[in-house]
Amino acid sequence: MRAGDRRRIAGERFAAMWLDPPASRRTGPGGGAEPMGDLIERTVAHHLAMQAQDAAGGMWSVGVRTGAAGAAGATLTDVEAAIADRRITRSWPMRGTLHLMATRDVRWMCRLLNPAIVAARRLVFERSGLTETIVGTARDLLVAALSDVGILSRPDAMTVLGRAGIDTTDQRGYHLLGRFCQEGLLCQGPAAGRQPTFVLLDDWVPSSWDPGREEAMAALASRYVASHGPVTVRDLAGWSGQGLTFTREAVALAGDALTTQEIGGVTYLVSTTRHEVPSRARVCLLPGFDELLLGYKDRSAMLTPDEELLVVPGKNGMFLSTVVVGGIVVGLWRRQPGTRRLVLTILPFATMSATRRGEVKRAGAAYGRFVGREVEVRFDE
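What counts and how
Residues numbered from 1 in each chain as written. Predicted model: local features only at pLDDT ≥ 70, side-chain atom pairs only at ≥ 80, totals over all residues. Heavy atoms only, no water. Helix = DSSP H or I, 4+ residues; strand = E, 2+ residues; numbered from the N terminus. Rg over C-alpha atoms; globule rule 2.2 N^0.38 Å. Buried < 20%, exposed > 50% of the residue type's maximum accessible area, 1.4 Å probe, protein only. Contact = heavy atoms within 4.5 Å. Areas by Shrake-Rupley, 256 points an atom, 1.4 Å probe, with all protein chains shown as cover. Lys, Arg positive; Asp, Glu negative; His and termini not counted. Charge placed at Lys NZ, Arg CZ, Asp CG, Glu CD. Axes fitted to C-alpha atoms, helices over the stretch in contact; angles between N-to-C directions. Parallel < 35°, antiparallel > 145°, perpendicular 65-115°, else oblique. Left-handed = near helix turned anticlockwise from the far one by under 90°. Nonpolar A, V, L, I, M, F, W, Y, C, P; charged D, E, K, R; others polar. Salt bridge = Lys/Arg side-chain N within 4 Å of Asp/Glu carboxyl O. Pairing = 2+ DSSP bridges. Phe/Tyr/Trp six-rings, centres within 6.5 Å; stacked < 30°, edge-to-face > 60°. Expected span 1.5 Å × (residues − 1).

1. Describing the overall build of the protein
No. 1: Helices and strands together make up the secondary structure of the protein, namely 17 helices and 13 strands.
No. 2: A compact globule built from 381 residues would reach a C-alpha radius of gyration of about 21 Å, and the protein, at 21 Å, matches this within 12%.
No. 3: Along the longest, intermediate and shortest principal axes, the C-alpha atoms of the protein span 60 × 55 × 50 Å.
No. 4: Here the protein holds 381 residues, and the buried ones make up 50% of them.
No. 5: Intrachain contacts of the protein at a sequence separation of at least 6 include 64% that bridge at least 24 residues.
No. 6: Surface exposure of the protein reaches about 17200 Å², of which carbon and sulfur atoms provide 51%.
No. 7: Across the protein, the mean location of the 46 positive side-chain charges is 5 Å away from that of the 40 negative side-chain charges.

Given below as structure tokens:
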């Protein structure tokens, strides 16, 4: 990919992941500051679903997108409150992977995107001893327990199943909970310390948007492209975990919400309401599992093949945290908790100028505000 095309695609994708121009982002309907809970919900809804298999990283993915132009964004406490207030919810809407979603989107996304995954994994379940009879028994047990107590931590859910003789070892219990969330029966509630909790979706969100299949497919395509574009049809297929036939139909159903553009001889889908790329590149520290990389089948606009080996060492599926400038990955970062302050070590791919170092330090300070810790940024070049 040519350097100019790479900068253009990465810049447009990065710009798409922020809601509004910085000057108007925090203005509410009455002209005052937009309540933080509203902003968090809008941010997550804009993305449709945000990678959150690492819970802490997923929350920072939300937090970093709520701050702009030096303004403080959401804190970790704010994001946790949005979950407790049922504004956003963590569950399995697609690809067998945990995401954060606006709570009103959980039910229809699970219904649209998970049936094929559930069907495909039945044989895997049976090979591990989880026959459909056992799955049905586990489902009934958890529904009865949750109808009684309202919320169960993961260890408590394992206890409920274990007392009935269901083997939950070797991730069997975790797979059952994931299956029931994929079915739209359960979803995650607020964490209990470091443990995830589970609730009945119908109790947690008694009513939500309820589109028909075609309307849901159109929303899937239009909202994904609006928050991630420019993208290819294969990007959308990979992100949603659906086949190309399904994906092309979804794009067609989106109608005039989408258009196409040619970049470097490749046809990309773009939203007809896409944002302009800021003249000054935004500098961010992003978590390892972030939509900027996980949201695409082809990541070559954001990093080179050699750089991808640094971000995903050994191609083992574990993404390291990245330093990003205008959508392009320019290095890695890691956190080292200390007794007094949090040390963030930056590992640039190339030598950084003094100006760039200052921007990275400000990005590190933003992360410190999010977690409520004093931060020291160090560079390992």
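2. Re the packing of helix H8 (residues 132–149) against helix H9 (residues 154–163)
No. 1: Packing of H8 against H9 brings their axes to within 10 Å, and their N-to-C directions diverge by 125°. Classified by the angle their axes make, H8 and H9 are oblique. Two packed elements cross with a definite hand, and for H8 against H9 that hand is right-handed. Two secondary-structure elements touch here, H8 through Ala138, Leu141, Leu142 and Ala145 and H9 through Ala157, Val160 and Leu161.
No. 2: Residue composition of the contact of H8 with H9, grouped by class: seven nonpolar, no polar and no charged.

3. Some thoughts on the pattern of salt bridges
No. 1: Within this structure, the stated rule accounts for 23 salt bridges.
No. 2: The residue Arg87 makes a salt bridge to Asp38 at a minimum N-O spacing of 2.8 Å. A residue pair is termed long-range when its members are at least 10 positions apart, and Arg87 in the loop between helix H4 (76–84) and strand E2 (88–94) and Asp38 in helix H2 (residues 36–47) qualify at 49 residues.
No. 3: The exposure class assigned to Arg87 is partly exposed, which follows from its relative accessible area of 24%.
No. 4: On the basis of relative accessible area, Asp38 is assigned to the partly exposed category, the value being 26%.

4. Describing the sheet that holds strand E10 (residues 322–325)
No. 1: Read across the sheet, five strands follow the order E9-E10-E11-E12-E13 without closing on themselves; strand pairing throughout is mixed. Here the strands that pair on one side only, and so sit at the sheet edges, are strand E9 (283–286) and strand E13 (375–379). Strand-to-strand twist in this sheet, taken as the mean axis angle between neighbours without regard to direction, amounts to 30°.
No. 2: Across four bridges, E10 lies against strand E11 (residues 328–337) in antiparallel orientation.

5. Let's talk about the packing of helix H12 (residues 213–228) against helix H14 (residues 244–254)
No. 1: One can describe the packing of H12 onto H14 by two numbers: an axis separation of 7 Å at closest approach and a directional angle of 90°. Here H12 is positioned roughly perpendicular relative to H14, judged by the angle of their axes. Where H12 approaches H14, its residues Arg213, Glu214, Met217, Ala218, Leu220, Ala221 and Ser222 are matched on the opposing element by Phe246, Glu249, Ala250, Val251, Leu253 and Ala254.
No. 2: Grouping the constituent residues of the contact of H12 with H14 by class yields nine nonpolar, one polar and three charged.

6. Overview of the sheet that holds strand E6 (residues 195–200)
No. 1: Taken together, three strands build an open sheet; the order of strands is E4-E6-E5 and the sheet is antiparallel. A single partner strand is all that each edge strand has here, and the edge strands are strand E4 (152–153) and strand E5 (186–192).
No. 2: Direction of pairing for E5 relative to E6: antiparallel, over a ladder of five bridges. For Gln188, the partnering residue across the bridge sits in E6 and is Phe198.
No. 3: The strands touched by H8 within the sheet are E4, E5 and E6, with E6 carrying the most contacts at an inclination of about 90°.
No. 4: Strands in contact with helix H10 (residues 172–182) are E5 and E6; relative to E5, the strand with the most contacts, it is inclined by about 120°.

7. Quick word on the packing of aromatic side chains
No. 1: This structure, assessed with the given rule, holds nine aromatic pairs.
No. 2: Taking the centre distance of 6.0 Å and the plane angle of 55° together, the rings of Phe289 and Phe319 count as tilted. On the criterion of sequence distance, the pair formed by Phe289 in the loop between E9 and helix H15 (291–294) and Phe319 in the loop between helix H16 (305–311) and E10 is long-range, its members being 30 residues apart. Across this residue pair, the class does not change: Phe289 and Phe319 are buried.

8. A few points about helix H17 (residues 354–371)
No. 1: Given a rise of 1.5 Å per residue, 18 residues ought to cover 26 Å, and the 26 Å separating the end C-alpha atoms of H17 matches this to within 8%.
No. 2: Looking at H17, one finds that the buried residues are Glu359, Val360, Ala363, Gly364, Tyr367, Gly368 and Phe370.

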